[in-house]
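Reading the structure
Letter by letter, the chains look like this.
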Amino acid sequence: MWGFLKRPVVVTADINLSLVALTGMGLLSRLWRLTYPRAVVFDEVYYGQYISFYMKQIFFLDDSGPPFGHMVLALGGYLGGFDGNFLWNRIGAENALITQSRLMLLESVLIFFNLLAVLSYLKFFNCQKHSPFSLSWWFWLTLTGVACSCAVGIKYMGVFTYVLVLGVAAVHAWHLIGDQTLSNVCVFCHLLARAVALLVIPVVLYLLFFYVHLILVFRSGPHDQIMSSAFQASLEGGLARITQGQPLEVAFGSQVTLRNVFGKPVPCWLHSHQDTYPMIYENGRGSSHQQQVTCYPFKDVNNWWIVKDPRRHQLVVSSPPRPVRHGDMVQLVHGMTTRSLNTHDVAAPLSPHSQEVSCYIDYNISMPAQNLWRLEIVNRGSDTDVWKTILSEVRFVHVNTSAVLKLSGAHLPDWGYRQLEIVGEKLSRGYHGSTVWNVEEHRYGASQEQRERERELHSPAQVDVSRNLSFMARFSELQWRMLALRSDDSEHKYSSSPLEWVTLDTNIAYWLHPRTSAQIHLLGNIVIWVSGSLALAIYALLSLWYLLRRRRNVHDLPQDAWLRWVLAGALCAGGWAVNYVPFFLMEKTLFLYHYLPALTFQILLLPVVLQHISDHLCRSQLQRSVFSALVVAWYSSACHVSNTLRPLTYGDKSLSPHELKALRWKDSWDILIRKH
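Summarised in this report is the structure supplied together with it. (Residues numbered from 1 in each chain as written. Predicted model: local features only at pLDDT ≥ 70, side-chain atom pairs only at ≥ 80, totals over all residues. Heavy atoms only, no water.)

**Regarding a nonpolar patch on the surface**
Together, Phe188, Leu192, Val196, Leu199, Val200 and Val204 make up an exposed nonpolar region whose accessible area comes to about 530 Å². Within the secondary structure, Val196 sits in helix α8 (residues 184-216). When its relative accessible area of 37% is taken as the criterion, Val196 is described as partly exposed. (Patch = residues over 30% accessible without salt bridge, like charges linked within 9 Å, V, L, I, M, F, W, Y side chains within 5 Å. Areas by Shrake-Rupley, 256 points an atom, 1.4 Å probe, with all protein chains shown as cover. Salt bridge = Lys/Arg side-chain N within 4 Å of Asp/Glu carboxyl O. Helix = DSSP H or I, 4+ residues; strand = E, 2+ residues; numbered from the N terminus. Buried < 20%, exposed > 50% of the residue type's maximum accessible area, 1.4 Å probe, protein only.)

Laid out in structure tokens, this is it:
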């Protein structure tokens, strides 16, 4: 009965030695002396700071993309025992892929998930032919969606590969619909499975990345002011510490600070001070000589305003408080000068087509006060909504002229202390953030006397009201800020154009040893670079030739070989195109490393073209032998170039000026040579 236990156990392993060798070479080239140099290299200064923020649970915002890639780097730091206490401001002043993968940057992680998405889809496609709805079929389909979501979650550039996979999947689904051997129910199940795996799962995972991110970074940080007041108030410390205990409903007599929702060019608050507009501007136009009203980008006691009921004289909150509602008439009285916000038919100092906004001074001339404003709650649920602290976004519409209180964004001259101009916009239509304000700090005024009121403006509020934002509200705002926030797009020394990437006319000096000439460059292997471009051109020409021949009913390739050729082109050539062409439409500072995802797909196309030439274009054994010899020569030259550029890849060898000049194969390459 137990005789089978005496039988020998036979284990069969199918090992691809080529794959093992390539994997070993890849690991060796990337892990060799990985701890060198012991300095911050190029953009590591940014990603290192983000990892530190994760370790300290401090909120930050990076416009380069969603947070998943940062969390992957932070996980590595956490597992390595990094506590976040390191100053990342000291920068040490193919080969490109090796260089990028050895540094704490995101492109290599992005490329990994790009390729994982393509590989998973190909595995799924093979399972589709032989065992649909099997366990492996589900695994590879689901992994495709997960990998696509991870790619997008690392950098928005991951969308390009995601769109590529969706496009190929859509074409295959279209053919599936036309398969008459499948029942309607079966086709529906196929489409539903693809929709869940390639659409629903990526969306859910994308939301999950932000959910985890916001859990990890819940403390106030250096990027708070970019976010809305409501978002800032949801963070521990910072504005949350200031606003804790504020009344929720704004009432007549409330003391408030008003923050512009647009936040551009910088976040700022409605502000006034004792100074008046000049009688005559530099361009010869005259002003009202009334008290200046500006938008000030710093916390200041002159940012406080009192919401006054035009029908009463008191500047305190009554008991019980009378809340201000949508459509109410209000006057905004400046807390420190007790002058009312005013606008009239006088041109603004820098925006002559808009009205000047001021605090009214009675000069006993024929210029009466026009200080009535109608409150409009932009994000109201009904026309009876109450004006709420932080949560309500409001507009102030001037009763006499219908002008809307607006931040123009222009910086006033020295007489206005370079603060931002506030105007009355007559032609405002619809919603725009520059005309929308929200109450950030708020207290119920209790002092009618001016001296007591000035002291009151510095005192803390008493009533505690919770105003935690929901996850979806915080996600929506954070996502919008990431998409809308523009980095400094000024020209960088190592910035480049997409046309320079293909011809490798550019490089990036990542690091220079402080004492020797050892240096690290992002510099591609020119043999691989040119070969990738040639493979792409050969693929395009051969595809055009085959299509023309097939149009004449001449089939040079068997149907299976033709379908493999087309699929390879869709994924490899298509992957190169979708990861490269969009950069021509982008108005941002670009660098050579932006080309690396596209280059990866180009390199994948190389063996496809070489194998195709060997199998289908080399007719005789002699031709195959000659072609194989050429491939060996090509591979040897690529290895030689890689080894020659090795000192610039690893930066572990100090070269003489003569040796450095010898490595400058193109005049456009910026190789750093010290002058002793």
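**Some remarks on the side chain of Asn525**
By the element assignment, Asn525 lies in the loop between β14 (519-522) and α14 (526-551). A distance of 3.0 Å separates a polar side-chain atom of Asn525 from the backbone nitrogen of Val527. (Polar contact = N/O pair within 3.5 Å; in protein donor to acceptor, adjacent residues only side chain to side chain.)

**Description of the pairing of strand β6 (residues 341-347)**
Of all seven residues making up β6, five are buried, and the element is well covered by its neighbours. Strand direction decides the pairing type here: β6 and strand β7 (residues 355-359), joined by four bridges, are antiparallel. Opposite Ala347, over in β7, you have Gln355 as the bridge partner. (Pairing = 2+ DSSP bridges.)

**Some points on the nonpolar core**
Inside soluble globular proteins, nonpolar side chains tend to come together where they are buried. In this structure, Phe113, Leu478, Ile508, Tyr510, Trp529, Tyr595 and Leu596 are the most contacted members of the largest nonpolar core, which totals 117 residues. Among the elements that take part in this core, helix α5 (residues 107-130) stands out by supplying eleven residues, more than any other. Of all hydrophobic cores here, the second largest spans 32 residues; its members include Val256, Tyr277, Leu405 and Val439. (Core = buried A, V, L, I, M, F, W, Y, C linked by side-chain atoms within 4.5 Å.)

**A closer look at helix α12 (residues 471-484)**
An α-helix turns once every 3.6 residues. As a result, residues three or four positions apart point the same way. Taking 1.5 Å of rise per residue, the 14 residues of α12 would be expected to cover 20 Å, and the 20 Å separating its terminal C-alpha atoms lies within 8% of that figure. Those residues of α12 not exposed but buried are Arg474, Phe475, Glu477, Leu478, Gln479, Arg481 and Met482. (Expected span 1.5 Å × (residues − 1).)

**Some points on the packing of helix α7 (residues 158-177) against α8**
Two elements in contact, α7 and α8, have axes whose closest approach is 10 Å; the angle formed by their N-to-C orientations is 170 degrees. The angle between α7 and α8 falls in the class roughly antiparallel. Contact residues: α7 offers Tyr162, Leu166, Ala169, Ala173, Leu176 and Ile177, while α8 offers Val187, His190, Leu191, Arg194, Leu198, Leu199 and Pro202. Tallied by class, the residues present in the contact of α7 with α8 amount to eleven nonpolar, one polar and one charged. (Axes fitted to C-alpha atoms, helices over the stretch in contact; angles between N-to-C directions. Parallel < 35°, antiparallel > 145°, perpendicular 65-115°, else oblique. Contact = heavy atoms within 4.5 Å. Nonpolar A, V, L, I, M, F, W, Y, C, P; charged D, E, K, R; others polar.)

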